[in-house]
Amino acid sequence: MMRRLRCSKLPRTLVVTLIMLAIFVTVAAPRTAFALHRVDRRHRILRHLRSILWNPMFRPSHDSLIRQNEEIDRIDLPRIQDDVELEALKASGALVPIEQSESLKVERSLDPSRRYCRPWTRDFVVDLSEVYYQQFHAQIQVNSAVRTVKGQKKLRRHNRNAAPAEGDTASSHLAGVTVDLQRRGLSKDQIRFIERYLFYLNALGLVEPEEERRHWCFHVMVSDHYSDWRQTQTIFPRFPVEEPFTAPVTVTATATATPTSASN
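Conventions adopted
Residues numbered from 1 in each chain as written. Predicted model: local features only at pLDDT ≥ 70, side-chain atom pairs only at ≥ 80, totals over all residues. Heavy atoms only, no water. Helix = DSSP H or I, 4+ residues; strand = E, 2+ residues; numbered from the N terminus. Buried < 20%, exposed > 50% of the residue type's maximum accessible area, 1.4 Å probe, protein only. Areas by Shrake-Rupley, 256 points an atom, 1.4 Å probe, with all protein chains shown as cover. Phe/Tyr/Trp six-rings, centres within 6.5 Å; stacked < 30°, edge-to-face > 60°. pLDDT = per-residue confidence, 0-100. Contact = heavy atoms within 4.5 Å. Polar contact = N/O pair within 3.5 Å; in protein donor to acceptor, adjacent residues only side chain to side chain. Pairing = 2+ DSSP bridges. Axes fitted to C-alpha atoms, helices over the stretch in contact; angles between N-to-C directions. Arc of directions from axis to C-beta.

Enquirer: Teacher, can you tell me more about the overall build of the chain here?
Expert: In terms of helices and strands, the chain carries nine helices and seven strands. Buried positions account for 34% of the 264 residues belonging to the chain. Total accessible area on the chain is roughly 18,000 Å²; 57% of this is exposed by carbon and sulfur atoms.

Enquirer: Looking at this structure, how should I read the packing of aromatic side chains?
Expert: In this description, a pair of aromatic rings is defined by centroid distance and the angle of the planes. Taken as a whole and assessed by the stated rule, the structure comprises six aromatic pairs. With a centroid separation of 5.3 Å and an interplanar angle of 90 degrees, the aromatic rings of Phe136 and Phe193 are classed as edge-to-face. Of this pair, Phe136 sits in helix α4 (residues 119-136) while Phe193 sits in helix α6 (residues 188-203), and the two are 57 residues apart along the sequence. Classification of Phe136 as partly exposed rests on a relative accessible area of 23%. With relative accessibility at 17%, the residue Phe193 sits in the buried group. Here the aromatic rings of Tyr226 and Trp229 are separated by 5.4 Å at their centres, their planes lie at 45 degrees, and the arrangement is tilted. One end of the pair, Tyr226, and the other, Trp229, are both in helix α7 (residues 225-232), three residues apart, so they sit about a helical turn from each other. With respect to burial, Tyr226 and Trp229 carry one shared label: buried. An aromatic cluster of at least three residues, connected via ring pairs, comprises Phe124, Tyr200, Tyr226 and Trp229.

Enquirer: How do you make sense of the confidence of the model for the chain when you look at a structure like this?
Expert: Caution applies to low-pLDDT parts of the model: their predicted coordinates are not meant to be read in detail. Confidence along the chain averages 81 in pLDDT terms, with 69% of residues attaining 70 or more. This stretch, residues 1-9, has a pLDDT under 50; its non-local contacts, to residues over four places away or in other chains, come to zero contacts.

Enquirer: Help me understand the environment of Asn143 in this model?
Expert: Mapped onto the elements, Asn143 comes out in strand β4 (residues 140-144). Sequence separation between Asn143 and Arg108 is 35 residues; the distance between their C-alpha atoms is 8.5 Å. With residues near it in sequence (within four places) discarded, Asn143 still touches Glu107, Leu110, Asp180, Leu181, Gln182 and Cys217. Looking at Asn143, its side chain comes within polar contact range of the side chain of Gln141, at 2.8 Å.

Enquirer: Help me understand the sheet that holds strand β5 (residues 178-182) in this model?
Expert: For sheets, the rule is that strands pair by backbone hydrogen bonds, running either parallel or antiparallel. Taken together, the five strands give an open sheet; going across it, the order is β2-β4-β5-β7-β6, and neighbouring strands pair in mixed fashion. Of all strands in the sheet, those with a lone pairing partner are β2 (104-106) and β6 (207-212), marking the two edges. Each strand of the sheet is rotated relative to its neighbour by a mean of 30 degrees, with strand direction disregarded. Lying over the sheet, α6 contacts β4, β6 and β7 (217-222), oriented at roughly 150 degrees with respect to β6.

Enquirer: Can you walk me through helix α3 (residues 83-92) in this structure?
Expert: Given 3.6 residues per helical turn, the α-helix brings residues three or four places apart onto the same face. Buried within α3 are the following residues: Leu86, Leu89 and Lys90. Each buried residue of α3 lies within a common arc of 100 degrees when the element is viewed along its axis, so the set occupies one face. Exposed and facing more than 90 degrees away from the buried side of α3 are Val84, Ala91 and Ser92. Close packing links the buried residues of α3 with β3 (116-117). Where α3 begins, the side chain of Asp82 points an oxygen toward the backbone nitrogen of Val84, at a separation of 3.2 Å. One or two residues past the end of α3 sits Gly93, with phi positive at roughly 85 degrees.

Dropping the structure here:
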């Protein structure tokens with residue numbers, strides 16, 4: 001008799017367990033799904049807000065990379081393959097050093113052997129740094145300049161956002177025509193000043209800028225046309241303008257002058 005009771009109780013216990021499990025799944029699953037949906041929705045809202053807050057004048061784009069490489073091809077510049085080719089270009093004067101000054105500084109971590117660029121690119125950096133210093137009494141900082149294909153491939157291994165080392169969208173740093181200028185830490189006025197400066201030159205087809213969000217810098221490729229344009233610019237020194245002044249004494253002296261003195 002006891003065996004029958006025990007046997008009869010087992011299915012009942014199993015049924016109760018299954019019922020409780022079904023209730024838990026029915027009640028808990030929608031909550032879990034709702035929670036996941038709520039988190040996913042929150043992430044979408046945050047991404048949207050970040051996209052609103054991040055509203056640069058020069059957004060990085062595939063088309064911009066294409067334009068940069070088209071300009072390099074027009075100039076017929078090589079993509080520097082390795083340090084051997086890099087040193088040869090330095091020795092020939094095709095690449096010139098970026099030197100620090102009162103208005104310009106270089107990121108400390110930038111390898112001294114990479115603090116080089118094309119002459120017209122250096123002219124651009126020097127010109128911008130000088131007008132920027134006059135406006136804010138602060139220095140422009142260069143974070144990156146020339147790179148090699150070998151170095152760019154190495155960079156891509158730990159930074160997937162870096163431009164490719166080959167192809168139509170390869171990094172323009174490989175030709176020595178591009179510099180990255182520090183954007184992080186600048187005030188809104190300072191950023192707008194640089195953006196307006198770049199906007200004018202970009203409209204003339206002299207630069208192709210991007211504002212990189214990951215590294216917070218101005219990535220600026222400079223055309224060799226900048227040298228010719230620069231030669232056409234004339235900067236006149238500003239001297240204090242003196243207002244014309246007529247002293248009453250002069251009038252009186254003229255009125256009372258003798259005929260002898262008047263004839264002299």
